[in-house]
Amino acid sequence: MRNEAITVDRDTASDARFGTAPAAVRLYETTVRHSRSGPIAHRFGTRSYWWLVDMDAFDSRPSDPQAGMGLPGFPSWTRVLAEIRPADLDLDPAPTAGEGVRRLARRLAGEAGEPAPDVGGPAFLAATGRAAGYGFDPLALAWLHAADGTPSVVLAIVRNTYGGLHHYLLRPDARGRAEIPKEFHVSPFHDAGGRYVIDVPEPGERLYVAIRLRRDGEPDFVASVSGEGRPVRMRTLLGIATRRPLEPLAVSARIRLHGVYLWARGLGIRPVPEADTAAGRARTPIPPAPHGPLAAALGLGVKTILAGLADAMPIRVEYPDGTVRGGGASSASAPRMIVHRPRDFHARVGRHASIGLGESYMAGDWDSPDIAALLSEFAARQHAMVPRPLRALRGLYIPRPPRETRGSVENARGNISAHYDLSNRFFALFLDETLTYSSALFDSLPERRGRLGGIGAASSSGTNDRAAGDGAGPTRPAPRAPTDEDLAPAQRAKIDALLDTAGVGPGSRVLEIGTGWGELCLRAAARGATVRSVTLSTEQRELAQRRAESAGLGERIEVELRDYREVDGEYDAVLSVEMIEAVGLEYLEEYFRVIEKVLAPGGRVAIQAILMDDDRVRATRNNYTWMHKYVFPGGRIPSVGAIERALEGTSLRVRGRRHFGGHYAETLRLWEERFTAREDEVHRLGFDAVFVRMWRFYLQYCEAGFRAGYLDVAHLEIGARR
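These numbers were taken from a predicted model, which means no experiment stands behind them. (Residues numbered from 1 in each chain as written. Predicted model: local features only at pLDDT ≥ 70, side-chain atom pairs only at ≥ 80, totals over all residues. Heavy atoms only, no water.)

**Student:** I'd like to hear about a nonpolar patch on the surface, residue by residue, with values.
**Tutor:** There is a patch of nonpolar side chains on the surface, built from Val260, Trp263 and Ile269 and spanning about 330 Å² of accessible area. With respect to the secondary-structure elements, Val260 resides in helix H5 (residues 247-264). (Patch = residues over 30% accessible without salt bridge, like charges linked within 9 Å, V, L, I, M, F, W, Y side chains within 5 Å. Areas by Shrake-Rupley, 256 points an atom, 1.4 Å probe, with all protein chains shown as cover. Salt bridge = Lys/Arg side-chain N within 4 Å of Asp/Glu carboxyl O. Helix = DSSP H or I, 4+ residues; strand = E, 2+ residues; numbered from the N terminus.)

This is how it looks when you write it as structure tokens:
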């Protein structure tokens, strides 16, 4: 049965679509029917109701996905009677619910290897929603339209008894019918096998949805929802709440009792895989934006400070009301911060500082087409970010790191595993073929580049020149920016430079602290060295040892799951690449005492370390930041001064160093570009949209630090005092 389709012309929407204000909402009083002809024949029916909502009519999408959205056009107090929660739909982060469902549709198409659908037109959601905070919504549907208003795709959001949720992207034919394989365990009485035939004609005066499950050798199971629609006025909402209070709870009870009845008659229950349960669909958590008088006051302070900072910088800060602040307000090429939810953004940053900045991006409170360029401007003026009178109060509003993340023997493995054991397949998506997860060393670098092509002052150009050994004068052509093809050779060049610094050659006994995925082991062994490498990452150890065996170097390479403090023996060379940051400032002296103990007479140490200025290290040594909370628990970036102070209690000293911070900025840029290009594959590995935003922010946040000179990286040659 084909219904009269909902009109999607924006100019006539309130008349043709729903007939009365609020035009964005329609109510269907429905009947839900289940029909099975075997192995136990049974029919079941119950009443319910569904809302049809224009998803672009919501005032805004709350940054807290657990917060509810009231029906568009109705007072906020009516949320207790009817509300839609983004968490119940598992939409992608976006400033509005409509944009969230469009992003989700595009992502699902990409994951399936299909062309991105045109979803630039209206988006309508049909769902039961919640009443008095309780919801029972086993199925919700979103009809998405192309920019010209024609039907495009339908998104089916399916929830099961076990708290699991799954999205199906449907491309219905002219009858409104689509057929797809079943991929999700819904009913206790069916596994995930079979195919769905789904009728989802666009709702008009009538709503009709039917789902037929077809399985080889078994009778079909059919579920349907149908009902007549009417416009929603205040008396309609109050009437349905009075006549059918807590309807979602009542429907849930009826369907569950129906299931008990079938079980009692002997219908078998199928085991459900964990992936289809609430535990299996764990999502990257984002705390809700803070509320209350304190959050409002702090938010106002951030708004005022941000306005002053922006006006002094070549950036654009764009607000939903059309206001544009910043010294680059009149420049189309200036780095942009697009604020979607000003109150939440200001409150998060005001209450939680850098943690709030990152969380607000993860939540979709703001966006930027070039995060690295934007944050580079802030990083270059970091000293001015907080007014001098407030700096002395830093300890009152910046939290201290949890004790369980300190770099002790008891905590170290958990800290490392939290980051490096995400998945070898995940890291392989954006690293090059060497699987090297540290700064590369390129032949030469251009001036600092914005991602959109802008050129700025090369704040670390001197650092770059020292690193590359390039004394180029003004008559030389400007070096080009590194490309994807340059990354693997530059990683090998970096490793070879470290091996040369440590004097690794035939017969060398090498200790590596922090294995990574084994590239340094392979290159050292290829020189004729024997290598012992220690790591606390189970995933890295497994793959590194497998790579050694595959390369025919297994007899020369031993990879152990062991804390550096447990290492014994004697070695001609000790190497460590960007592992010192995980040691912790309070454990640096112990770290170097271990190295001193195992270093053979005349031996050499080569370390690649991320660095900060000593004053900055001292000022922030007890800070707990977004990076600690979401990316590197327990991580502490040292300074050259901190390393030299830790060496004072040993017989070792820094004998040389080579800085190349600009190279890390380019490495991070290439990683982020590769990550973004393979985002669909990231999702297929089970990582959600919030995680993707988190990882992209992490990569560009770090890139900004190196571009601005706030962060640096260096090769340190360490040996015995002379």
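**Student:** Tell me what's going on with unusual backbone geometry, and back it up with residues and numbers.
**Tutor:** Backbone geometry at Ala353 places phi at a positive 50 degrees, although glycine is not the residue there. Position of Ala353 relative to the elements: it lies in helix H7 (residues 342-362). For Ala353, a relative accessible area of 22% puts it in the partly exposed group. Even without being a glycine, Glu578 presents a positive backbone phi close to 50 degrees. Within the secondary structure layout, Glu578 lies in the loop between strand S22 (571-577) and helix H17 (588-598). Note on Glu578: relative accessible area 12%, which makes it buried. (Buried < 20%, exposed > 50% of the residue type's maximum accessible area, 1.4 Å probe, protein only.)

**Student:** Tell me about helix H8 (residues 371-380), and name the residues and values.
**Tutor:** Burial within H8 is extensive, with 9 of its 10 residues counted as buried. Taken as a whole, H8 has its buried residues at Ile371, Ala372, Ala373, Leu374, Leu375, Ser376, Glu377, Phe378 and Ala379. Those residues of H8 hidden inside the fold are in contact with helix H6 (293-311), strand S17 (336-339), H7, strand S18 (366-367) and helix H23 (689-707). (Contact = heavy atoms within 4.5 Å.)

**Student:** Kindly report on the sheet that holds strand S23 (residues 599-611), identifying the contributing residues and their values.
**Tutor:** Pairing is mixed in the open sheet, where 7 strands are placed in the order S21-S20-S19-S22-S23-S25-S24. Because the sheet does not close on itself, it has two edges, and the strands there are strand S21 (557-561) and strand S24 (652-659). Taking each pair of neighbouring strands and ignoring which way they run, the sheet shows an average axis angle of 20 degrees. Direction of pairing for strand S20 (residues 530-535) relative to S21: parallel, over a ladder of 5 bridges. Opposite Ser533, over in S21, you have Val559 as the bridge partner. (Pairing = 2+ DSSP bridges. Axes fitted to C-alpha atoms, helices over the stretch in contact; angles between N-to-C directions.)

**Student:** Describe the pattern of salt bridges, with residues and values.
**Tutor:** Taken as a whole and assessed by the stated rule, the structure comprises 48 salt bridges. Between Glu29 and Arg244 there is a salt bridge, with the nearest N and O atoms lying 2.6 Å from each other. One end of the pair, Glu29, is in strand S1 (residues 25-36); the other, Arg244, is in the loop between helix H4 (234-243) and H5, and 215 residues separate them in sequence. Residue classification places Arg244 among the buried positions, given a relative accessible area of 5%. Linking Arg696 and Glu672 is a salt bridge whose minimum nitrogen-to-oxygen distance equals 3.3 Å. Note that Arg696 is positioned in helix H23 and Glu672 in helix H21 (residues 661-677), a separation of 24 residues in sequence. Judged on exposure class, the residue Arg696 and its partner Glu672 are both buried.

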